Amino acid sequence: MAAPLGMAMSGPLAAAWGGDTVLALSAGLDVVFTVATLLVPAVWRVRDDLPDATPPELADGPEEAERDGAGTAVSR
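All values reported here derive from a predicted model rather than from experimental measurement.

## Regarding the overall build of the protein chain
Part 1: Helix and strand content of the protein chain: 4 helices and 0 strands.
Part 2: Across the protein chain, helices and strands are ordered from the amino to the carboxyl terminus as α-α-α-α.
Part 3: Relative to its 76 residues, the protein chain shows a buried fraction of 5%.
Part 4: Just so you have it, the protein chain exposes about 6600 Å², and 66% of that area is on carbon and sulfur atoms.

So, in structure tokens, the structure goes:
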């Protein structure tokens, strides 16, 4: 969402301050935002150990499973 805004701002800022200056400032902001993100404890606690969400009747192969009226696989 911020990428288009940054691209729209970079041209006028480069024309006003010079391309090298804007590039250096952009790189600095990138480092600051990356470090700020990594300082959030919840970012370090993100895990990917949830159980597999594949329904058991579909786990063995691509054969067609029984479905209810809503299209949800049902086991019998």
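Following the structure, the description resumes.
## Some points on the packing of helix H1 (residues 2–17) against helix H2 (residues 19–38)
Part 1: One can describe the packing of H1 onto H2 by two numbers: an axis separation of 7 Å at closest approach and a directional angle of 125°. In terms of axis orientation, H1 runs oblique to H2. Touching Ser10, Leu13, Ala14 and Trp17 of H1 are Gly19, Thr21, Val22 and Leu25, all from H2.

## Overview of H1
Since the α-helix advances by 3.6 residues per turn, residues separated by three or four positions end up pointing in the same direction.
Part 1: The end-to-end C-alpha distance of H1 is 21 Å, a good match for the 22 Å that 16 residues give at a rise of 1.5 Å each.
Part 2: The sharpest bend along H1 measures roughly 30° and falls at Ser10, with the proline Pro12 sitting one to four residues further on.
Part 3: Positioned one or two residues after H1, Gly18 has a phi angle of 100°, which is positive.

## Observations concerning a nonpolar patch on the surface
Part 1: Together, Leu38, Val40, Val43 and Trp44 line one region of the surface with nonpolar side chains, adding up to about 390 Å² of accessible area.
Part 2: You can see Val40 is positioned in the loop between H2 and helix H3 (41–44).

## Digging into the confidence of the model for the protein chain
Part 1: This prediction gives the protein chain a mean pLDDT of 79; 64% of its residues lie at or above 70.
Part 2: Considering each helix and strand of the protein chain separately, the mean pLDDT is smallest for helix H4 (residues 56–59), with a value of 61, and largest for H2, with 94.

What counts as what
Residues numbered from 1 in each chain as written. Predicted model: local features only at pLDDT ≥ 70, side-chain atom pairs only at ≥ 80, totals over all residues. Heavy atoms only, no water. Helix = DSSP H or I, 4+ residues; strand = E, 2+ residues; numbered from the N terminus. Buried < 20%, exposed > 50% of the residue type's maximum accessible area, 1.4 Å probe, protein only. Areas by Shrake-Rupley, 256 points an atom, 1.4 Å probe, with all protein chains shown as cover. Axes fitted to C-alpha atoms, helices over the stretch in contact; angles between N-to-C directions. Parallel < 35°, antiparallel > 145°, perpendicular 65-115°, else oblique. Contact = heavy atoms within 4.5 Å. Expected span 1.5 Å × (residues − 1). Bend = angle between axes of the 7 residues up to and from the residue. Patch = residues over 30% accessible without salt bridge, like charges linked within 9 Å, V, L, I, M, F, W, Y side chains within 5 Å. Salt bridge = Lys/Arg side-chain N within 4 Å of Asp/Glu carboxyl O. pLDDT = per-residue confidence, 0-100.

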